[in-house]
Every structure is written in C-alpha cells, then in structure tokens.
Amino acid sequence: MDPGILFFALFFLLLFIGVPIAVSVGITALVFLWQYHLGITVVSPNIFANIAKFPLLAIPFFILAGFLMDRVGISRRLVNLLHLLIGPVPGGLGLVAVAGCVLFGAISGTGPADTAAIGAVMIPAMANRGYDKGFAAALVASAATTDVLIPPSVAFVVYGVITETSIGGLFAAGVIPGLIMGLALVLPVYLISKRNGWGGDRWGTKAEIWKASKEAVFGLLAPIIILGGIYGGIFTPTEAAVVAVFYGFFVGLFIYRNLSLKVLYEVLRDSAVSTSVVMSVVAFAGLFAWTGSTLGVMERASKALLGLTTNPILVLLLLNLLLLIAGMLMDAISIFYIFLPILLPVIKHFNWDPIWFGVMMAVNLSIGTLTPPVALNLYVAANLADISMERISKAAIPFILALIVSLLIVTYIPSLSLWLPDLFGLH
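Quick caveat: nothing in here was measured; it's all calculated off a predicted structure. (Residues numbered from 1 in each chain as written. Predicted model: local features only at pLDDT ≥ 70, side-chain atom pairs only at ≥ 80, totals over all residues. Heavy atoms only, no water.)

## Quick notes on the packing of helix α11 (residues 206–231) against helix α12 (residues 237–255)
Basically, it comes down to this: Whenever a helix is involved, its axis is fitted only over the stretch in contact; in every case the axis is a line through C-alpha atoms, and angles between N-to-C directions fall within 0 to 180 degrees. For helices the rule is a DSSP run of H or I covering at least 4 residues; for strands it is a run of E covering at least 2, with both sets numbered from the N terminus onward. Between 65 and 115 degrees an angle is taken as roughly perpendicular, under 35 as roughly parallel, over 145 as roughly antiparallel, and anywhere else as oblique. In this scheme, a crossing is called left-handed if the near helix is turned counterclockwise away from the far one by less than a right angle; it is called right-handed if the turn is clockwise. In this analysis, two residues are considered to be in contact whenever any of their non-hydrogen atoms come within 4.5 Å of each other.
Closest axis-to-axis distance for the α11/α12 pair is 9 Å, and the angle between their directions is 155°. If you check the angle between α11 and α12, you find them roughly antiparallel. At the point where α11 passes α12, the crossing takes the right-handed sense. Where α11 approaches α12, its residues Phe 218, Leu 221, Ala 222, Ile 225, Ile 226 and Ile 230 are matched on the opposing element by Pro 237, Ala 240, Val 243, Ala 244, Tyr 247, Val 251 and Ile 255.

Set out below in structure tokens:
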C-alpha cells in the first residue's frame, strides 16, 4: 500500500480513538522514521530546529500578556464602557459581547483566552437580563474567533514562521477580515434578540461614560502601543510581545494596583501551561511534516489535489471545505504544520499571495474553534455557562453560518486582506 495512505491513516486512526493531537503526530512520525530507516537520531535536532526560532518567542509572551491583562481587569473595564455606549437596542448586551471580544482580541492573541475573559463578564450579565444562556455562551465563543485574525495573533506567528512570510504583514492583513467577522455576527444577534425581546440596559450618562472611559483608557491604549510600535518600525512582533507583557505588569502594579503575588503566580502558572501545550504541538507537528516531506507524502498529496481541477475558484472551495473539516478535528497550529507542506506547492502553482492565503486559512481555522469535537471556544464558554455541549452547539449554528459568509468574502475578495499591508509597505 502507498506509504502516504498509511501515513495519514495511522494519524487519523490515533486521532479518532482519542489520542491527543501532539501525541498522534509524534507517534506517526516516529513509526515511519523507524519503518523507513530514516534514523531516530534526527528527532532531537529536528524538534530543536522547530522550536528554536526567534519569532516563536512571541507566542509565550503574547499568551502571558493576555492572561495578565485579563486578571488586572482590563477586559472588565472595556466591557463596562461598551455597555454604557451601546444602550438599550435589541441585542444590546450581545453587541457589547461582540465588540468586547474584538477589542480584547487586540490584546490577548488567542481565542480561548478571549472567550474566558469576556465570557466571565458577559455570560452572567446576559443571563441576568433574560437572554438564553446557550445563546449568550455561543455568542461569546463565536465573537472570540476574531482573535485569530485581530492582531496580535498567535496563529499568524506560526504561519509566518512556517511560510517565511512577514508576520507584521500578516498582522496588518488580519484587521479588516477580523472586523468583517465581527460585523457578520451583528445581524443574527440583532434578529434573534429582537424576536425574543432581549435588549440592553439604559444609555450611560455623560458622567458615567467619562468615568468608564478613564478606567478603560489603559485597555484601549494597549493595542495602540503594540500595533503602533510594530507598524511604526519601533520594534518587531516578537519584541512587541515583550512590550505587551511589560505594559500589563505596569498597569497592574502602578495604575490599577491589583497585581498581588498570588495573582502573579496564577498568571505565570496558567501561561506556562498554555505555552507548553502550544510548543509541544509545534515540536511534534514539525517532526510530522518533516517526515512526510522526506517520504514524498506531501508532494504526492499536492499533485493529487492539483489533479482534481485546474479551476482556481473550485480549488479554493475544495480547500475551504478541507480546512473546515480539519478544524473540527485539530487545532490551528497542528493544521498549519500538517497541511501547509501540502498547500505551499498549490499556492505557488496558482501564484496566490501568501499573506492573503494565510488570512483565508486563519478564518477557516477560527471557525474550527466552534465546530465539535475539538471546538475549543465552545468548551470554554460551555464551562463558564455550566451548560452542555449539545445546547451550546445548537445555539452556535446561526453564528457559524454568518462566519462562513465572511469566509467566502475574504476568500474571493483578496484586496480586503491586502489593503493594509500595502498601505504600511509590509506586502
């Protein structure tokens, strides 16, 4: 039997029987390294080469910054300001949740962190105002998908490292598609809320808005400092991650004065755990990709994909379908390492822009955080709301459909992704 079929068959078999993704890719790589006498001695230097890359240092620092800024209360203060500004329109609290996720996405860099930070505030608030708890939890999880696109994005760091694409350019390219995803959620929120009679609270007074603005200003400044520094050429995306951590410490210690030793320990502990999970996937998925490429599996898969059709529109539809299915089974980082060696020859064949293609992949994979069985955002939101996965999955369907519409817009209008990179000279 063709080794390529056996290669992917073993991987998916391990995945379907419940083996963790990092372990599945690692075992598959090791089995084929042994079976085809490629040498186990390549494992250590390969893993080291995968993780010992300067741009990847941005991952632990952006994760730490996200946890830190949540615990010092930045997310709560942003939500409070939005609450006063949006007022009693139908679905008002839902719109606050969407806007809050988009804003906090410009700080945290990961969808589950955004879901936890905004969900802890908004899910109880919406439930207390009569919103269905399944709707509230599904909405927060869906709005947090914008984190994958809104810079700084951990997914873009990984994509940029694998493809040797400008990470700053990817950050710029993700802004407009991320906003499109957020806007796509507004219509189902408004229509469902209006039908059920769910609204917001009163408008804030000028005094209340002014007070809330002063409290939230340091949260609003965070993305300006981080992204302004990158696009202004002051520091690289990796250095920006360090600046974000320093900023979070400064705000917690000297502005809000609520960063105790206990909170600091919890932040560092949670960040270390999250970083370990991500970097384990990076290490073993990289070994998996190297093994598949050395055996010629990835090249044959690329040729098979190109052999299906020469129509780029149909190829894009097939790729979107493939990535949406993959997103149900794997996390974004694993998908990048497993599928990009197959897709890079396809990108070159059609002369597609790698920055735009990275954005398209990111939108696909962000939707994957809502589609079981993986569905990381849904799991976090379901735990916060104390509801079943079945209930939240049903409530998420209208939002998933809205996000698929935004995916098609991003796929077939590349200029939406490339306008800002061109503007900042990053393309």
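## Quick notes on the environment of Gly 233
For clarity, the cut-off: Each residue is assigned to one of three classes by its accessible area relative to the maximum for its type, calculated with a 1.4 Å probe on protein chains only: buried under 20%, partly exposed between the two thresholds, exposed over 50%.
Along the chain, the position of Gly 233 falls in the loop between α11 and α12. Given the relative accessible area of 63%, Gly 233 is considered exposed. In this structure the C-alpha to C-alpha distance between Gly 233 and Pro 60, which are 173 residues apart in sequence, comes to 22 Å.

## Regarding unusual backbone geometry
Of the consecutive residues Pro 151 and Pro 152, the connecting peptide bond is found in the cis state with omega at 0°. Its place among the elements puts Pro 152 in the loop between α8 (133–143) and α9 (154–163). Phi at Asn 351 takes a positive value of approximately 55°, unusual for a residue other than glycine. Checked against the element boundaries, Asn 351 lands in the loop between α16 (332–349) and α17 (354–368).

## Things to note about the packing of helix α10 (residues 167–196) against helix α20 (residues 415–423)
Where we set the bar: Residue type decides the class: Asp, Glu, Lys and Arg count as charged, Ala, Val, Leu, Ile, Met, Phe, Trp, Tyr, Cys and Pro as nonpolar, and the leftover types, Gly among them, as polar.
Running from amino to carboxyl end, α10 crosses α20 at an angle of 135°, the nearest separation of the two axes being 7 Å. As judged from the angle between their axes, α10 and α20 are oblique. Here the hand of the crossing between α10 and α20 comes out right-handed. Across the interface between the two elements, Gly 169, Ala 172, Ala 173, Val 175, Ile 176, Pro 177 and Ile 180 from α10 touch Leu 416, Ser 417, Trp 419, Leu 420 and Pro 421 from α20. Grouping the constituent residues of the contact of α10 with α20 by class yields 10 nonpolar, 2 polar and no charged.

## Overview of α20
Just so we agree on the cut-off: It is the directions from the helix axis to the C-beta atoms that the arc portrays.
Every buried residue of α20 is listed here: Ser 417, Leu 418, Leu 420 and Pro 421. The buried residues of α20 occupy one face: seen down the axis, they fall within an arc of 155°. Facing away from the buried side of α20 by more than 90 degrees, the exposed set consists of Trp 419 and Leu 423. For α20, the secondary structure elements touched by its buried residues are α10, α17 and α19 (389–412). In the stretch just after α20, Gly 425 is the one whose phi turns positive, near 70°.

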